[in-house]
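# A structural walkthrough
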Amino acid sequence: MKIKIDKIKNYLKNINKKDKNSDENIESIFKLSIIIPVYNNGNYLKERAIKSLEESSIFKEIEIIIVDDGSDDIETINIIKNVKSKHSNVKTYFFTKGPSKSASRARNKGLELSTTNYISYLDPDDECVNDGYKKLYDEISNKDIDLVIGNDVVEYNKNFRVRNYYKKFLEINKKEQINNGRKILLDMNFVVSSIQTIIVRKNIIVENKLSMVEGAIGQDTVFFYELMINSNNVKVIDEVVNKHYMYVKGSVTNEININYFKGHLIKEISKRKKLEEYNILEDYLKMVMDSYFKKYILDKLNKVSENELNEAENIVDKIYKVYEDVWKVKNKDIKIYLKSRGVYKDMNFKLSVIVAIYNNGDYLLNRAFKSLQESSIFNELEIILVDDGSTDKTTVNIIKDIQSKYRNVKSYFFEKGGSKSASRPRNKGLELSTTDYISYLDPDDASINDCHKKLYDEIQKSKADAVIGNIVYNNDNNLRVRDYYRKFVNVNDCLEECTNCRKILLDTKFMSGGIFPFLVKKDILTKNNLCMVEGGLGEDTLFFYEIMLCLKKVKVINEGLYMYYRNVENSVTTKIGLSYFSGQLKKEKVKRVKLEQYNVLYDYLNIMFDSYFNEYILIKLKQVNEEELEEAKSIVDEIYKIYDDVWNVKYNSIKKYLKDRGIYKNLNMKLSVIVPMYNNGDYLINRSFKSLKESSIFNEIEIILVDDGSTDENTVNIIKDLESKYSNVKSYFFETGGSGSASRPRNKGIELATTNYISYLDPDDECINDSYKILYDTLIKSNVDIVVGNVIYKDEKSSKVRDYYKYFMNVNNNLDISYDCKKILLDTDFMSTGILSIIVKKNIIIENNLKMVEGGIGQDTLFSYELMLNCRSIKVINKELYLYYMNVENSITNSIGTSYFKKHLKTEIEKRKKLENYGVLKEYVDSKYDAFFQAWIFEKLKKVKVEEKEEAQSIVDEIYKIYEDVWKIRYKSLTNYFESRKNRY
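Residues numbered from 1 in each chain as written. Predicted model: local features only at pLDDT ≥ 70, side-chain atom pairs only at ≥ 80, totals over all residues. Heavy atoms only, no water.

## A few points about the overall build of the protein chain
Across its full length, the protein chain carries 37 helices and 30 strands. Judged by the C-alpha coordinates and their principal axes, the protein chain covers about 105 × 95 × 55 Å. A separation threshold of at least 6 residues defines the contact pool for the protein chain, and within that pool the share at least 24 residues apart is 79%. (Helix = DSSP H or I, 4+ residues; strand = E, 2+ residues; numbered from the N terminus. Contact = heavy atoms within 4.5 Å.)

## A closer look at the confidence of the model for the protein chain
In low-pLDDT regions, the fine details of the predicted coordinates are not to be read closely. For the protein chain, per-residue confidence averages 91 on the pLDDT scale, and residues scoring 70 or more make up 94% of the total. Note on residues 20-26: pLDDT under 50 across the span, and 1 contact to partners over four residues away in sequence or across chains. (pLDDT = per-residue confidence, 0-100.)

## A short note on the domain arrangement of the protein chain
Domains assigned within the protein chain are domain 1 (32-254), domain 2 (260-341), domain 3 (351-565), domain 4 (578-660), domain 5 (671-885) and domain 6 (898-980). Here domain 1 and domain 4 have C-alpha centroids that lie 60 Å from each other. (Domains from an automatic or database assignment.)

## A few points about the packing of helix α34 (residues 898-917) against helix α35 (residues 921-941)
In contact at an axis separation of 13 Å, α34 and α35 are set at 180° when each is read in the N-to-C sense. Relative to α35, the element α34 is oriented roughly antiparallel. Here Y900, F901, H904, E908, K911, R912, L915 and E916 of α34 come into contact with α35, specifically with L921, Y924, Y929, F932, W936, I937, K940 and L941. (Axes fitted to C-alpha atoms, helices over the stretch in contact; angles between N-to-C directions. Parallel < 35°, antiparallel > 145°, perpendicular 65-115°, else oblique.)

## Thoughts on the packing of helix α11 (residues 281-301) against helix α12 (residues 306-323)
Between α11 and α12, whose axes approach to 12 Å, the crossing angle comes to 175°. On the basis of the axis angle, α11 is roughly antiparallel to α12. Counting all contacts with α11, which are made through L281, L285, M289, F293, I297 and L301, the residues of α12 involved are L309, A312, E313, V316, I319, Y320 and Y323. Taken together, the residues of the contact of α11 with α12 sort by class into 12 nonpolar, no polar and 1 charged. (Nonpolar A, V, L, I, M, F, W, Y, C, P; charged D, E, K, R; others polar.)

## Some thoughts on the nonpolar core
Of all hydrophobic cores here, the largest spans 105 residues; its most connected members are L364, M548 and F613. Here the element with the most residues in this core is helix α23 (residues 601-621); it accounts for 9 residues. Mapped onto the domain boundaries, this core takes at least three residues apiece from domain 3 (351-565) and domain 4 (578-660). Each residue touching L364, except ones within four places of it in the same chain, is listed here: V355, I357, F369, K370, L385, I398, I399, I402 and P443. One finds F830, L850, L921 and F932 within the second-largest nonpolar core, a separate group that totals 96 residues. (Core = buried A, V, L, I, M, F, W, Y, C linked by side-chain atoms within 4.5 Å. Buried < 20%, exposed > 50% of the residue type's maximum accessible area, 1.4 Å probe, protein only.)

## Considering unusual backbone geometry
Cis peptide bonds are those with omega within 30 degrees of zero, and the linkage from F516 to P517 qualifies with -25°. Phi angles above zero are rare outside glycine, and K101 is one such case at about 75°. Turning to its location among the elements, K101 is positioned in the loop between β3 (90-94) and α4 (104-113). Despite not being glycine, K420 shows a phi value in the positive range, around 75°. Within the secondary structure layout, K420 lies in the loop between β13 (409-413) and α16 (423-432).

## Details of helix α10 (residues 258-277)
Compared with the 28 Å implied by 1.5 Å per residue over 20 residues, the 29 Å span of α10 between its first and last C-alpha is a close match. One side-chain oxygen of the residue at the start of α10 lies 3.0 Å from the amide nitrogen of N259, identifying that residue as N257. (Expected span 1.5 Å × (residues − 1). Polar contact = N/O pair within 3.5 Å; in protein donor to acceptor, adjacent residues only side chain to side chain.)

## Looking at the UniProt feature "domain: Glycosyltransferase 2-like" (unreviewed entry) in the protein chain
Per the UniProt annotation, the sites labelled "domain: Glycosyltransferase 2-like" (unreviewed entry) are residues 33-176, 352-486 and 672-812. Along residues 352-486, the helical share is 38% and the strand share 29%, with 27 Å between the first and last C-alpha atoms. The distance separating the terminal C-alpha atoms of residues 672-812 is 29 Å; by composition the span is 40% helix and 26% strand. (UniProt positions renumbered as here; feature names shortened; annotations may be inferred.)

## What to know about a positive patch on the surface
Judged by side-chain charge, K101, K262, K318 and K321 come together as a positively charged surface patch. By the secondary structure assignment, K318 is in helix α12. (Patch = residues over 30% accessible without salt bridge, like charges linked within 9 Å, V, L, I, M, F, W, Y side chains within 5 Å. Areas by Shrake-Rupley, 256 points an atom, 1.4 Å probe, with all protein chains shown as cover. Salt bridge = Lys/Arg side-chain N within 4 Å of Asp/Glu carboxyl O. Lys, Arg positive; Asp, Glu negative; His and termini not counted. Charge placed at Lys NZ, Arg CZ, Asp CG, Glu CD.)

## A few points about empty space enclosed by the protein
Summed over the entire model, instances satisfying the criterion amount to 2 cavities of 30 Å³ or more. Looking at the largest cavity, its volume works out to about 40 Å³. Tallied by class, residues from the lining of the largest cavity come to 3 nonpolar, 1 polar and 4 charged. (1 Å grid on protein atoms, 1.4 Å probe; cavity = no way out; pocket = protein on both sides within 12 Å on 5 of 7 lines; lining within 4 Å. Points joined across faces, edges and corners; volume = space filled by probe spheres on them.)

## A look at the side chain of D68
Turning to its location among the elements, D68 is positioned in strand β2 (residues 62-68). Buried within the structure, D68 lacks any salt-bridge partner; its nearest side chain of opposite charge belongs to R105, at an N-O separation of 7.3 Å. At 2.9 Å, the side chain of D68 forms a polar contact with the backbone nitrogen of G70. Sequence-distant contacts of D68, that is, excluding residues within four places in its chain, are made with V38, T76, I80, Y93, F94 and F95.

## Overview of the packing of aromatic side chains
Any two aromatic rings considered together are summarised by their centre-to-centre distance and by the angle between their planes. What the rule picks out here adds up to 59 aromatic pairs. Arranged with centres 4.3 Å apart and planes meeting at 25°, the rings of Y960 and F978 form a pair that is stacked. Taken together, the positions of Y960 in helix α36 (residues 946-963) and F978 in helix α37 (residues 972-980) put the pair 18 residues apart, joining distant regions of the chain. You'll find Y960 and F978 in the same group, each marked buried. By way of ring pairs, the aromatic residues F830, Y865, Y924, Y929, F932, F933, F938, Y960, Y963, W967, Y977 and F978 are connected into one cluster. A cation sits over an aromatic face here: R367 above Y565, 3.6 Å from the ring centre. K806 extends its terminal NZ or CZ atom over the ring of Y807, reaching a point 5.8 Å from the ring centre. (Phe/Tyr/Trp six-rings, centres within 6.5 Å; stacked < 30°, edge-to-face > 60°. Lys NZ or Arg CZ within 6 Å of the ring centre and 35° of its normal.)

## Remarks on the pairing of strand β21 (residues 671-677)
Among the 7 residues of β21, 7 are classified as buried, and the element is accordingly described as predominantly covered. With burial as the criterion, each face of β21 is covered, one bearing L671, V673, V675 and M677 and the other bearing S672, I674 and P676. In the sheet, β21 pairs with strand β22 (residues 701-707) via 7 bridges, with the strands oriented parallel. Across the sheet, the residue bridging to S672 is E702, located in β22. Read from β21 through helix α26 (residues 681-693) to β22, the crossover connection turns out right-handed. (Pairing = 2+ DSSP bridges. Right-handed = clockwise from strand over helix to strand, strands pointing away.)

## Re the pattern of salt bridges
For side chains bearing opposite charge, pairing can occur when the charged atoms are close. What the rule picks out here adds up to 72 salt bridges. For K503, the salt bridge goes to D507, with nearest N and O atoms at 2.6 Å. Taken together, the positions of K503 and D507, both in helix α19 (residues 501-507) and 4 residues apart, correspond to about one turn of that helix. Among the residues examined, K503 registers a relative accessible area of 43% and is labelled partly exposed. Accessibility expressed as a relative area gives 30% for D507, which makes it partly exposed. Here the salt bridges do not stand alone but share partners, grouping E282, K286, D436 and K522 into one network.

## What about α23?
For α23, which comprises 21 residues, the first-to-last C-alpha distance of 25 Å sits more than 12% below the rise-based estimate of 30 Å (1.5 Å per residue). Along its length, α23 shows its largest kink, about 60°, at M608. Along α23, the positions that sit buried rather than exposed are L601, Y604, L605, F609, D610, Y612, F613, N614, I617, L618, K620 and L621. Buried residues in α23 make contact with α21 (539-550), α22 (578-597), α24 (626-643) and α25 (652-660). (Bend = angle between axes of the 7 residues up to and from the residue.)

## Some details on the side chain of K730
Relative to the helices and strands, K730 resides in strand β23 (residues 729-733). Taking the relative accessible area as the measure of exposure, K730 reaches 7% and is therefore buried. There is a polar contact of 3.1 Å between the side chain of K730 and the side chain of E702. Setting aside residues no more than four positions away along its own chain, K730 makes contact with D645, K665, E702, I703, I704, L705, E723, L752 and T754.

## Focus: the pairing of strand β1 (residues 32-38)
Across the 7 residues of β1, 7 count as buried, placing the element largely inside the fold. Across the two faces of β1 the burial is the same, with L32, I34, I36 and V38 and S33, I35 and P37 all buried. Pairing between β1 and β2: 7 bridges, direction parallel. Note that in β2 the partner of I34 across the bridge is I64. With helix α2 (residues 42-54) bridging β1 and its parallel neighbour β2, the resulting β-α-β unit is right-handed. Across 3 bridges, the pairing between β1 and strand β4 (residues 118-121) is parallel. Residue pairing in the sheet places S33 in a bridge with I119 of β4.

Pasting the structure below:
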């Protein structure tokens, strides 16, 4: 018999080679691939799976891939061969080494062999019904869907039950399609559908490197989780598409023996890793783990034969140990069983206390841990000792000894070395925690007055996200209370709790409650992805700021609950050397980014940064050794440069130090003027900058020169020279090349601006009549969002005034101020304020995410419309404040080639979208578009070279098509032109 099977295996190898060669370089003619794993169940394959597929209306358009997992049943092999010979859409593959004890290996191989864009699965002992694959395929192929799911019907002892995934989906989602598979998985408490009821886009599996765990049982459930998590668009249909037969003879999931439990162990080891990677392990354990373990592990032990029971129980112990550090068992039967096995670990703690340790085991033993033992809820504290790589064996042994004695203590050891701050071990502690509440304790400090009992009781009672107590500083037994409570209630109407935590942070002037004594809901940290800056100093203060900015409710306690010992030996904050300043530098780089993201950077700099820099940077320099001083100062220079574009230094001591170092930047500016540059340095020096210097507030203007990639070295050198000479000038250089318009540098200028007010100046123009002084004073006095002056247009022969003031007054009852900017824009028939004789509040641009169309022409006019549609108030000035030079050499609006029209096309595409979003498209087209098109498109066509004319006209056709459904042309010249072009589009 063995000889016969070996011959079959050799024969099958040759079949595999033939199939592989026949598939090479062939583009799939099929709609979808269905993968069928087979092992010694050929009769089921023929009578159920294949027979049901043959009834599908798209049978011939389905690529059927039958993968044999190493059958030793000759009849099964012959059936597979016969099915393949009968149907041209069937391909096969035979493993010659097997079996693998689950369907995973065969399914994974099937995916490799598939040639279509859509994948589904079918077991040989099940059936597809109701033309299910046709219905699933129609949904996924005609829409932007990643995964489509149907229902199935389960047969057991000739009784049928529908598993209605559709109904459960709608109960949670209220609609059939959702663009977030991860969300629906969590909202449905990890309810799954069979992978035989789905079709999934193949790229979801391939691009995310998904595969089923080979040799595992229940691996298809984990695979379904992964499909959901990685699918952006999921659709369900209310159709039964699969009939699943339970308890089929020969199925590994129905034979309860050692292999069953081994298969589950393999799956669970992989599952934990995957769920952790997807950051849903905690959700899974809370929602599913008890019921899964009871039904598929514990209850199955009752069906194991007596001679295998002991080994099976040992495997179950290992399955529990996969999760023992994170799983809070709720089911009583599971608890009783695990206790009887002596493996149960009580995880029902109230809160987690994270202790970061490095070479300070004696302090841990005699202060931190000793104080924790005095807590009335000591046994309900999950104490997490994380060693940062201690080189001191005594410390390591103390940690191990504590853990061995107390069931509520867990530990983690990083490799020797240390990360130079407590951040790394604190972050790891958060990963290891299993409770819903987090607190921190340093090994050289002590919790006092039953700290954790009071914090926990208060957070339960108040339903707050975090609770904060007072800290007691111990400096050689001289005690001082840092009274955060008093500061909090003083700014909070004498109330002990607040639901506007951001306001508390600002009103207390960024006073840190610190992370001691502090208790916070864990999900505040995990859902907002909060962690401490590793290797930084003062990282706990920044962490506190972040937490406060994410809290919905905070409560304070008027009691000292934490003893902080100052000047402790080996504390990195008491040793002032290069590592101290390097740690501060690392933290400050991250701090700037984070505070900008939370939109509190300017508040922090104005309120807090001078005092912080003076106390923790400048004064600390005095404690540095002489041989390290110069290098320490260089690091301090780097810290200052993180903020030099936004920090208005107030402390004279800091100013003096920075001036002595030659790096001080005076940022006491009133407004920012953005100047876009490209190969026009001579104009800059002789016109715009020269006119700026004549302003009476020149030294209070932040001048931002943004070079768009000049190829002219002279321009680049002029910009650099101006920046080096004037403390109120800053520059930015894009890579050589140019973007084709002033939009990119103007947008960048907004990013770089540090004042609250914005204006623009072109390098080839001039500000006149002390314009910025007049505009600024008017805006401040009238407290409007935007203020506008008149512009003089000048060419070689003449000049004329663009009198926006007059137009404004005519539509506004002769009043020079309005609180309805949109009405002004409509009533003036979209007359543009322009952007060159204005000052606008920066927050109007930032909060509405306004940007100029990059690479377009006329983008400044569109931008001016957006300003008017977002500003609430406007004031006009009856004075010429800007001199605009027309027909300037190299100006893109004066160079008429195909690129001119391409850039207009770009702007017009965006203009239509934006004006439609603002609800003013019809008004714009009716009142403005004929005149605009005539002047800026049609007339410009006449100036195009003959060889470029046809291409230019084709682009103009595209511009016309943007508005053709809403534009009723009134100008005869335009009507005649487009009539002549009709046969072109």
